[in-house]
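Each chain, letter by letter, is given below.
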Amino acid sequence: MRTALLPLPLALLLPLSGCGDKPSEAWTGYAEAELVYIAPPVAGRLATLAVRSGEAVAAGQALFELDATPELAADAEALARARSAQAQAQNADKGRRAPELAVTGAQLDQARAAERLASLDLTRQRELLAQGFVAPARVDDAATALAQARARVAELQAALQVGRLPAREDERTAARALAAAAQSGREQTAWRVEQKRQSAPMAARVQDVFLRPGEWVGAGQPVLALLPPANRKARFYVPQAAVGGLRLDAPVQLRCDGCGAAIPARISFIASGPEYTPPVIYSNQQRDKLVFLVEARPVKAEDAERLHPGQPLDVTP
């Protein structure tokens, strides 16, 4: 019975024809990039694009900006609501205005004067009753008038005291909650405005630009892709007879056409199995055809810049 592995790509099994100085024990591979896609979390029309493909950008450098006109209008509305709610909260913490208290104070003075007059009238009516000049009913009327005057004084005293107090605690709590909610709404609007301006999260090179000013950008839709130096790596294939001698962080040398001196790198990944599913039973000839995927990253960032995605590489231990 004949058993065979699925054929590997010829580019992985045959020596690279373009590398005239390829070492005899080099492993075949290629450069690969792990792109960082920059996308706004909110939608909008792309207003400005500050970079172009292939350009190097520094960390924090502006990349692009979406039109924020709707958010700015919403922020102005949220600011007005926040100020209104804050004013209501401050008003709830205060008593009545001084002129209003002055009106109540003047009414209290009038009530006290009326009380004194009613007291004098009651005294006079009692004297006249004792002399037999008035009927007892006149004394009763004067006593009633005095009681009413005293009640009016008590009423205005209480009104003046209440006027100096703030609103009830429940009302004050509700007013403060409305102010906090209005401020929170403004913070959300400010966040949306800020998210429409995207900057580079790290030093990198602009690998590709997908959209142009004037086009609509959906929430989460990438506008461009960045390629940081640390995200450039080599992917190569090692025969099963040699993979057992490799370890993570082991040094290797990367060579490519036009790259100049070899690029020092360290192994960052070793596949746990062969690239394709092997047969259950191997022969010596079949085992020689098994290869394992290995990845390595350049030690220095300036060396990583010499690797271009898709570029063929020769790797030696």
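Quick notes on the rules
Residues numbered from 1 in each chain as written. Predicted model: local features only at pLDDT ≥ 70, side-chain atom pairs only at ≥ 80, totals over all residues. Heavy atoms only, no water. Helix = DSSP H or I, 4+ residues; strand = E, 2+ residues; numbered from the N terminus. Buried < 20%, exposed > 50% of the residue type's maximum accessible area, 1.4 Å probe, protein only. Contact = heavy atoms within 4.5 Å. Areas by Shrake-Rupley, 256 points an atom, 1.4 Å probe, with all protein chains shown as cover. Pairing = 2+ DSSP bridges. Axes fitted to C-alpha atoms, helices over the stretch in contact; angles between N-to-C directions. Salt bridge = Lys/Arg side-chain N within 4 Å of Asp/Glu carboxyl O. Disulfide = S-S within 2.5 Å.

Participant: So what exactly am I meant to see when it comes to the overall build of the protein chain here?
Facilitator: Along the backbone of the protein chain there are eight helices and 14 strands. Across the 317 residues in the protein chain, those meeting the buried criterion constitute 33%. At a minimum sequence separation of 6, the contacts of the protein chain that also span at least 24 residues come to 77%. Counting only carbon and sulfur atoms, one obtains 54% of the accessible surface of the protein chain, whose full area is about 18900 Å².

Participant: Explanation requested: unusual backbone geometry in the structure shown.
Facilitator: Backbone phi values are negative for most residues with the exception of glycine, while trans is the configuration of most peptide bonds. One non-glycine residue, Asp-249, lies in positive phi territory at about 70 degrees. Following the sequence through the fold, Asp-249 ends up in the loop between helix H6 (240-243) and strand S11 (251-255). Given a relative accessible area of 53%, Asp-249 falls into the exposed group.

Participant: Would you mind going over the sheet that holds strand S12 (residues 263-270) with me for this structure?
Facilitator: To summarise the sheet geometry, strands pair through backbone hydrogen bonds and adopt either a parallel or an antiparallel arrangement. The six strands lie next to each other as S1-S10-S13-S12-S11-S14, forming a closed barrel whose pairing is antiparallel. Averaged over all pairs of adjacent strands, the angle between their axes in this sheet comes to 45 degrees, without regard to strand direction. Here four bridges tie S11 to S12, and the two strands are oriented antiparallel to one another. Bridged to Gln-253 within S12 is Pro-264.

Participant: So what exactly am I meant to see when it comes to the pattern of salt bridges here?
Facilitator: A side chain of one charge can pair with a side chain of the opposite charge when the charged atoms of the two come close. Considering all chains together, one arrives at 16 salt bridges under this definition. For the salt bridge of Glu-32 with Arg-235, the shortest nitrogen-to-oxygen distance reads 3.4 Å. Residue Glu-32 is found in strand S1 (residues 27-33), and its partner Arg-235 is found in strand S10 (residues 232-239); the two are separated by 203 residues along the sequence. When its relative accessible area of 23% is taken as the criterion, Glu-32 is described as partly exposed. On the accessibility criterion, Arg-235 (16% relative accessible area) is buried.

Participant: Help me understand the environment of Ala-135 in this model?
Facilitator: As for its placement among the helices and strands, Ala-135 is situated in the loop between helix H3 (98-130) and helix H4 (136-163). Along the sequence, Ala-135 and Gln-125 sit ten residues apart, while their C-alpha atoms lie 9.1 Å from each other.

Participant: Is there a simple way to explain the state of the cysteines in this structure?
Facilitator: Covalent bonding between the sulfur atoms of two cysteines is what defines a disulfide. As enumerated under the stated definition, the model contains one disulfide in all. Between the sulfur of Cys-256 and that of Cys-259 lies a disulfide, 1.5 Å long from S to S. Every disulfide takes its handedness from the sign of the S-S torsion; for Cys-256 and Cys-259 that torsion is -100 degrees, giving left-handed. Side by side, Cys-256 and Cys-259 carry an identical accessibility label, which is buried.

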